[in-house]
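# Topology and contacts: notes
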Amino acid sequence: REPPRVVGVAGPAGDSVALCANAPAPEWFFADGFTGADSIEQIVLTNPFTDSTVVDVSFVTLETKREPANLQGFVLPPRSVTVLSMDEQGARNEKVLAVSLRASSGRFVAGRSQHYLGQSRLGYTMSLGASATSSQWWFPDGEKNTNVTEQLVIFNPGERDRTLSVVFITAGDPTSSIEPATITAPAGRVVTLNTASLPSLPNGRYGILVATVDFSNASGEIDDSGDIVVEQVINRGDGMTAGTSVVLGVPGLAASTTWVAPSGATGGLEGAFVVLNTTADPA
């Protein structure tokens, strides 16, 4: 297996590092998006092939789903990079903005460049989209504290509602348990969960599992297609400064016995690496 590679961007709004894609895909999803306070969200599409790729783009806000006519059958020229500014596509000043990109022919790579300018979000992030949905999404490092706000953004691009269980794994007494949160993710919509609203969740750091728990469709047939994408948004305050980070969860099938961190932490940052055991056995 090829080792992971990263790309980094440095600027006045902050620095950001993201993994590179290991393969193009016919579809990409972004659960979290934000254009509030005139924040700038750009979806960056790369076609590395010698043939054109045809893509249909849609997005979801808190109120509605939109399929702009100019983004249906949108052509990505061969070996090109195309940038879509979401405010110019009719998604201006949206606090929730999920994006779906599906190729009717060909494959491509999609990333997100996000500059936050207010309404509780500040800084700059860049990231890859999710190239597939999953029935499980893991987050090794959640945090609940007075200077931290954490939100799980759940996008269901599928065609039927999903029932989800949100499980929190703490580093404390393994015999103690935190009641999982149960929420519904409507078809084609976005829901958010603010972890500060959960009184049973103690302050500190923890792992998170978001999983679908309904595997039967209306006809009683087993349907384990997954259909969800989950991202974690954390806003941290430190004195007079604040910053926003957005992390795509790890799909259940991507849990591994080996991990490589190509971009290390410097400066003696406490708790820079967090290890989450996704199994029921010691490791």
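What you see is a predicted model; the values in this text were computed from it and never measured. (Residues numbered from 1 in each chain as written. Predicted model: local features only at pLDDT ≥ 70, side-chain atom pairs only at ≥ 80, totals over all residues. Heavy atoms only, no water.)

Before going further, it helps to spend a moment on the side chain of Arg 112. Tracing the backbone through its elements, the reader meets Arg 112 in strand β10 (residues 109–118). Judged by its relative accessible area of 2%, Arg 112 is buried. At 2.8 Å, the side chain of Arg 112 and the side chain of Glu 231 are in polar contact. Discounting chain neighbours no more than four positions away, the residues touching Arg 112 are Phe 30, Asp 32, Glu 41, Gln 42, Ile 43, Thr 125, Met 126, Ser 127, Glu 231 and Val 246. (Helix = DSSP H or I, 4+ residues; strand = E, 2+ residues; numbered from the N terminus. Buried < 20%, exposed > 50% of the residue type's maximum accessible area, 1.4 Å probe, protein only. Polar contact = N/O pair within 3.5 Å; in protein donor to acceptor, adjacent residues only side chain to side chain. Contact = heavy atoms within 4.5 Å.)

Tracing the sequence through the fold places Gly 249 in the loop between β19 (241–248) and β20 (250–251). Among residues more than four places away in sequence, those in contact with Gly 249 are Trp 137, Trp 138, Phe 139 and Val 230.

Evaluated as defined, the whole model comprises 3 aromatic pairs. Here Phe 168 and Tyr 206 contribute two aromatic rings whose centre-to-centre distance is 5.5 Å and whose plane-to-plane angle is 85 degrees, an arrangement assigned as edge-to-face. Highlighted residues: Phe 168 in strand β14 (residues 162–170) and Tyr 206 in strand β17 (residues 204–212), separated in sequence by 38 residues. No difference in accessibility class separates Phe 168 from Tyr 206, as the two residues are buried. (Phe/Tyr/Trp six-rings, centres within 6.5 Å; stacked < 30°, edge-to-face > 60°.)

Under the criterion given, the structure shown has 11 salt bridges. Residues joined by salt bridges that share partners form a network here, namely Asp 38, Asp 87 and Arg 92. (Salt bridge = Lys/Arg side-chain N within 4 Å of Asp/Glu carboxyl O.)

Everything listed here is a matter of geometry and, on its own, says nothing about what the molecule does.
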